[in-house]
There are 2 protein chains.
Amino acid sequence: MNTPFSIAIHGGAGTIHKHQMSNEKELAYKTALSTALNKGYEALEQGKSALDAIEIATITLEDSPLFNAGKGSVFTNKGTHEMDASIMEGESLFGGAVAGISGIRNPIHLARKVMEESEHVFLVGEGATNFAKEQGFSFESEQYFYDELRYQQWQEALKAGVVQLDHSPLKEDKFGTVGAVACDQFANVAAATSTGGMTNKKYGRVGDSPMLGAGNYANNKTCAVSCTGSGEFFIRGVVAYDVSCLIEYKGLSLAKACEEVVQKRLVNIKGDGGLIAVDPQGNVCLEFNTEGMYRGMKTSSGTEFIGIYR
Amino acid sequence: MNTPFSIAIHGGAGTIHKHQMSNEKELAYKTALSTALNKGYEALEQGKSALDAIEIATITLEDSPLFNAGKGSVFTNKGTHEMDASIMEGESLFGGAVAGISGIRNPIHLARKVMEESEHVFLVGEGATNFAKEQGFSFESEQYFYDELRYQQWQEALKAGVVQLDHSPLKEDKFGTVGAVACDQFANVAAATSTGGMTNKKYGRVGDSPMLGAGNYANNKTCAVSCTGSGEFFIRGVVAYDVSCLIEYKGLSLAKACEEVVQKRLVNIKGDGGLIAVDPQGNVCLEFNTEGMYRGMKTSSGTEFIGIYR
């Protein structure tokens with residue numbers, strides 16, 4: 001097998017300016033992205049499936065305190081951490097998703113278990129937690145998810161009475177999500193998306209991340225997509241599946257489809273954010289309409305890239 | 001304004017055979033469908049919006065004990081009633097959705113409030129309930145949702161240890177959902193979908209009904225769609241948005257797009273069910289791949305139809 005393979009990851013998009021970032025912080029982000037990217041890439045190199053590669057990469061990002069997912073999840077209005085995740089596999093079109101879960105170290109792994117061990121696609125809240133218990137998941141204490149910076153942001157948000165979309169002191173202009181897409185040596189694609197939601201969020205709000213079609217989608221006929229951005233707009237735009245449809249029904253290339261969706265269709269409904277995508281030929285696209293997106297890609301043809309700013 | 005207008009409704013799809021249905025029961029279903037259809041149609045006739053018409057029609061179906069939505073919702077594994085609903089408006093592409101809510105008489109009205117009164121699209125569980133309280137919703141007792149037949153079905157399901165997708169004694173082959181789509185005199189389309197979920201369901205399972213793009217979608221450029229069926233397949237197929245994409249990107253007619261999605265693409269992934277759809281020219285399509293679908297349509301050009309079987 002010498003077919004091309006590739007992987008791409010993201011750690012959120014938004015108003016990320018170089019002048020607001022210290023050298024240390026920038027290095028920390030790039031190192032974390034590089035670690036996740038290489039873990040996923042190595043899996044592909046060893047002949048593992050795209051599904052395995054995106055799970056490994058996403059788990060690595062979830063375990064980092066830098067990104068708003070898993071360990072780095074932001075505080076809700078109640079001072080808890082509620083996470084959402086979804087995963088999809090392009091050959092079978094099987095998928096799994098969870099929303100509003102707490103205490104799970106790696107939500108993306110739970111999403112995979114929903115896909116593989118339940119008859120359902122989407123489980124939420126207490127029910128999803130019960131499923132996790134039955135599947136033998138261990139639960140982390142609140143301490144595991146505690147981060148001083150996130151706590152301060154929550155306190156500020158509480159005082160200001162606002163809902164922050166991310167860990168940024170710049171309100172509602174940074175979207176904390178992580179994700180990975182990959183094409184393996186067998187031309188299978190897969191996508192994973194995981195998020196810690198919005199700082200100070202109320203009302204059991206669910207964004208696009210756990211919604212197949214909106215924040216995550218994979219289909220061997222077209223592409224795999226993972227999104228990050230203002231979730232409500234990504235839901236209304238059915239963004240991830242929209243990229244797939246432009247390829248399947250309109251014959252666009254991956255790059256053209258991603259550009260059309262992110263720079264035109266999403267902008268038309270005032271949606272901010274970006275996405276990463278691969279197709280079964282191993283092509284990769286990293287597209288965003290914000291100031292920056294934490295992102296990385298690596299292909300078997302030798303391209304490797306880690307980026308933050310536009 | 002003399003542009004054509006139309007409305008279509010459904011009350012679920014599945015293995016519905018004439019020989020299993022008494023004359024009385026058939027009449028009851030047809031009467032309930034006819035009442036909901038005419039209430040929605042009258043709203044359109046009076047010049048009201050497609051959004052108002054589909055809400056009125058859906059509320060009427062939710063208030064009937066015959067359909068698995070609102071009052072007629074089935075029992076969960078815990079003996080409670082958990083409902084999901086979504087609504088979308090084709091001009092603005094605004095939408096609202098709720099999942100896993102209890103005690104609300106008309107979930108579709110709550111979905112509309114989410115769309116109009118919150119900054120979010122999708123609220124679940126306790127958070128959605130808190131939002132409803134803040135919006136001044138009154139809560140019905142469990143008694144309101146109690147139905148002897150549904151209770152017996154739950155008891156049977158408990159004994160058998162199965163999850164039933166509907167109120168049918170035939171397991172997992174009838175999908176209880178209600179929905180409405182309409183095109184108003186101003187060529188605006190809108191879609192509503194509401195469900196009581198699966199008998200004996202566990203794990204906070206969410207189906208396609210509250211997922212914009214999957215079980216519900218509306219766009220003035222293309223169509224409005226409401227689905228009913230095996231929810232997991234409708235999620236994986238992103239069914240409602242798929243119909244829209246076939247129209248927008250491939251230039252198919254409403255009828256051809258619905259046929260392609262329900263009879264081919266859904267069948268390819270072994271999905272059972274159906275959908276109702278309208279386009280901004282007032283065309284209507286009622287498409288299903290099951291034995292039957294409770295359905296009705298009425299147009300300003302004089303077509304009126306109520307049906308149950310294939």
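Residues numbered from 1 in each chain as written. Chains lettered and ligands numbered in written order. Predicted model: local features only at pLDDT ≥ 70, side-chain atom pairs only at ≥ 80, totals over all residues. Heavy atoms only, no water.

Trainee: Break down unusual backbone geometry for me, citing the residues and quoting the values.
Mentor: Residues other than glycine predominantly adopt negative phi, and peptide bonds predominantly adopt the trans conformation. Residue and element names in this part refer to chain A. Not every positive phi belongs to a glycine, and Leu-93 is a case in point at roughly 60°. Judged by its relative accessible area of 15%, Leu-93 is buried. A positive phi angle, near 70°, is found at Lys-270, a position not held by glycine. Secondary-structure assignment places Lys-270 in the loop between helix 9 (254-268) and strand 11 (273-278). (Buried < 20%, exposed > 50% of the residue type's maximum accessible area, 1.4 Å probe, protein only. Helix = DSSP H or I, 4+ residues; strand = E, 2+ residues; numbered from the N terminus.)

Trainee: Tell me about the pairing of strand 1 (residues 6-14) of chain B, and name the residues and values.
Mentor: All names here are of chain B. Here strand 1 lies mainly inside the structure; nine of its nine residues are buried. In the sheet, strand 1 pairs with strand 6 (residues 178-183) via five bridges, with the strands oriented antiparallel. Pairing of Ile-9 across the sheet is with Ala-180, part of strand 6. (Pairing = 2+ DSSP bridges.)

Trainee: Lay out helix 8 (residues 239-250) of chain A in plain terms, naming residues and giving numbers.
Mentor: Residues and elements named next belong to chain A. Under the 1.5 Å per step criterion, the end-to-end length of helix 8 is 15 Å for twelve residues, consistent within 8% with the ideal 16 Å. Among the twelve residues of helix 8, ten are classified as buried, and the element is accordingly described as predominantly covered. Within helix 8, burial applies to Val-239, Ala-240, Tyr-241, Asp-242, Val-243, Ser-244, Cys-245, Leu-246, Ile-247 and Tyr-249. In the stretch just after helix 8, Gly-251 is the one whose phi turns positive, near 75°. (Expected span 1.5 Å × (residues − 1).)

Trainee: Which residues make up the interface of chain A and chain B, and what values go with them?
Mentor: In this complex, chain A contributes 43 residues to the contact, which on the side of chain B involves 43 residues. Summed over both partners, the interface of chain A with chain B comes to about 3700 Å²; 61% of that surface belongs to carbon and sulfur atoms. The largest per-residue losses of area from chain A upon contact with chain B belong to Tyr-203, Arg-236 and Tyr-249 of chain A, which jointly make up 23% of the total buried on that side. Between chain A and chain B we count four salt bridges in total. The shortest N-O distance in the salt bridge between Arg-265 of chain A and Glu-248 of chain B comes to 2.7 Å. Contributing elements (two or more residues each) for the side of chain A that touches chain B: strand 4 (122-124), helix 4 (125-134), strand 8 (205-206), helix 7 (231-236) and helix 8 of chain A. Sorting elements by how many residues they give to the side of chain A that touches chain B places helix 8 of chain A first, with seven residues. Its residues placed into classes, the side of chain A that touches chain B shows 22 nonpolar, eight polar and 13 charged. (Contact = heavy atoms within 4.5 Å. Buried area = accessible area lost by both parts, 1.4 Å probe. Salt bridge = Lys/Arg side-chain N within 4 Å of Asp/Glu carboxyl O. Nonpolar A, V, L, I, M, F, W, Y, C, P; charged D, E, K, R; others polar.)

Trainee: Can you tell me about the sheet that holds strand 12 (residues 284-288) of chain A, naming the residues and giving the values?
Mentor: Residue and element names in this part refer to chain A. The four strands lie next to each other as 9-10-11-12, forming an open sheet whose pairing is antiparallel. Lying at the two open borders of the sheet, with one neighbouring strand each, are strand 9 (216-219) and strand 12. Within the sheet, the average angular offset between the axes of one strand and its neighbour, ignoring direction, is 10°. Pairing of strand 9 with strand 10 (residues 223-229) involves four bridges; the strand directions are antiparallel. Residue pairing in the sheet places Tyr-217 in a bridge with Val-225 of strand 10. (Axes fitted to C-alpha atoms, helices over the stretch in contact; angles between N-to-C directions.)

Trainee: Tell me what's going on with the confidence of the model for chain A, and back it up with residues and numbers.
Mentor: All names here are of chain A. Within chain A, residue pLDDT values average 93, and 95% of them lie at 70 or more. In the model, residues 165-172 has pLDDT below 50 throughout and makes 33 contacts with residues more than four positions away in sequence or in other chains. Interface confidence for the predicted complex, expressed as ipTM, amounts to 0.94; the pTM equals 0.95. (pLDDT = per-residue confidence, 0-100.)

Trainee: Residue-level account of the relation of the copies chain A and chain B, with values.
Mentor: Laying chain A over chain B is done by rotating through 180° and shifting 0.0 Å along the axis; what remains is an RMSD of 0.0 Å. On the angle and the small slide along the axis, the relation comes out as a two-fold axis. (Least-squares fit on C-alpha atoms with pLDDT ≥ 70 in both.)

Trainee: An account of the pairing of strand 12 of chain A is needed here, citing residue identities and associated values.
Mentor: Residue and element names in this part refer to chain A. Along strand 12, four of the five residues are buried, which leaves the element largely enclosed by surrounding structure. Relative to strand 12, strand 11 runs antiparallel, the two being bridged by five bridges. Its bridge partner being in strand 12, Ala-277 is matched across the sheet by Cys-285. In this structure, the hairpin formed by strand 11 and strand 12 is closed by a connection of five residues, where Gly-282 is found at a positive phi of approximately 90°.

Trainee: Break down the packing of aromatic side chains for me, with residues and values.
Mentor: Remark: the centre distance and the inter-plane angle together describe each pair of aromatic rings, the angle taken between the planes. Residues and elements named next belong to chain A. Counted according to the given criterion, the structure contains 23 aromatic pairs over all chains. Ring centres of Phe-75 and Trp-154 lie 5.3 Å apart, and the angle between their planes is 10°; on these two criteria the pair is classed as stacked. One end of the pair, Phe-75, is in the loop between helix 2 (50-63) and strand 2 (83-89); the other, Trp-154, is in helix 6 (residues 148-160), with 79 residues separating them in the sequence. For Phe-75, a relative accessible area of 4% corresponds to the buried category. Of the aromatic side chains, those joined through ring pairs into one cluster are Phe-75, Tyr-146, Tyr-151 and Trp-154. Seen from the ring of Phe-139, Lys-133 lies directly overhead, with NZ or CZ sitting 6.0 Å from the centre. (Phe/Tyr/Trp six-rings, centres within 6.5 Å; stacked < 30°, edge-to-face > 60°. Lys NZ or Arg CZ within 6 Å of the ring centre and 35° of its normal.)

Trainee: Provide a residue-level description of the sheet that holds strand 12 (residues 284-288) of chain B, including the pertinent values.
Mentor: Residues and elements named next belong to chain B. Overall, antiparallel pairing links the four strands, which are arranged 9-10-11-12 in an open sheet. Edge positions in the sheet fall to strand 9 (216-219) and strand 12, since each has one partner strand and no second. Strand-to-strand twist in this sheet, taken as the mean axis angle between neighbours without regard to direction, amounts to 10°. Two strands pair when backbone bridges link them, and strand 10 (residues 223-229) and strand 11 (residues 273-278) are joined in this way by six bridges, in the antiparallel orientation. The partner of Cys-227 across the bridge, within strand 11, is Leu-275. The strands touched by helix 8 (residues 239-250) within the sheet are strand 9, strand 10 and strand 11, with strand 10 carrying the most contacts at an inclination of about 145°. Where helix 9 (residues 254-268) meets the sheet, it contacts strand 10, strand 11 and strand 12, and its direction lies at approximately 15° from that of strand 12.

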